[in-house]
Amino acid sequence: LAQACRLVPPSLLPLSARKQIVLMANVTAMKKEWNACLAKSSGMPGKCEKLEKELRMLSKSSGVESCVDETLSLMRCTGSSSKASGCGEEFLAMRECNRAGGKHLLGAVGNYSMAPGKKGLFEASAASLTSSAPPARSLQGMKDFGADYAQSLGITELRF
């Protein structure tokens, strides 16, 4: 829809499309205000609760995704001891939520599937990869990878 605006003057768009553009702009402006508040909140999203509620209401009434839950989930993870795990699920959820064309993957780690209508964006073998899970993170695993990688580059002396 936003792409259509660049190609066609707004006055030539149907009324419903113009209304949708205004709604999207309103959600975008409210989200920008909420994000600015979060940036100043010292990692405490409760300080922005009023803006969050307004954004949720506007987003729901306009049918425009605002990624509030994904943002809060990622903030909680990166602000807690859970960040040691890398917050992979939260980052992936945030990335998928913020895709301009909509989510490409749905589900959770080990149980992802391609979103309806998005299979053409992936190569045929990708479907089997959506059900895989990343390896567990550990210091030893990272050291082993570093040593193997260094060896492949011809580096023999390591200091870690």
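Structure: above.
Read on for an overview of the structure.

About the thresholds
- Residues numbered from 1 in each chain as written.
- Predicted model: local features only at pLDDT ≥ 70, side-chain atom pairs only at ≥ 80, totals over all residues.
- Heavy atoms only, no water.
- Salt bridge = Lys/Arg side-chain N within 4 Å of Asp/Glu carboxyl O.
- Buried < 20%, exposed > 50% of the residue type's maximum accessible area, 1.4 Å probe, protein only.
- Axes fitted to C-alpha atoms, helices over the stretch in contact; angles between N-to-C directions.
- Helix = DSSP H or I, 4+ residues; strand = E, 2+ residues; numbered from the N terminus.
- Parallel < 35°, antiparallel > 145°, perpendicular 65-115°, else oblique.
- Left-handed = near helix turned anticlockwise from the far one by under 90°.
- Contact = heavy atoms within 4.5 Å.
- Nonpolar A, V, L, I, M, F, W, Y, C, P; charged D, E, K, R; others polar.

Attention now goes to the pattern of salt bridges. For side chains bearing opposite charge, pairing can occur when the charged atoms are close. The final tally for this structure, using the stated rule, is seven salt bridges. Where glutamate 96 meets arginine 95, a salt bridge forms, and the shortest distance between an N and an O atom there is 2.7 Å. Among the residues examined, glutamate 96 registers a relative accessible area of 3% and is labelled buried. The residue glutamate 96 makes a salt bridge to arginine 99 at a minimum N-O spacing of 3.0 Å. You can call arginine 99 partly exposed: its relative accessible area is 27%. A network of salt bridges, in which partner residues are shared, links Glu52, Arg56 and Asp69.

Let us look at the packing of helix H2 (residues 15–40) against helix H3 (residues 49–62). A pair of packed helices is characterised by two quantities: the angle between their axes and the separation of those axes. Remark: H2 packs on H3, axes separated minimally by 10 Å, with the N-to-C direction vectors making an angle of 160°. In this view, H2 runs roughly antiparallel relative to H3, as classed from their interaxial angle. Regarding H2 and H3, the two cross each other, and that crossing is left-handed. Residues Gln20, Leu23, Asn26, Val27, Met30, Lys31, Glu33, Trp34 and Cys37 of H2 pack against Leu51, Glu52, Glu54, Leu55, Leu58, Ser59 and Ser62 of H3. Considered class by class, the residues forming the contact of H2 with H3 number eight nonpolar, four polar and four charged.

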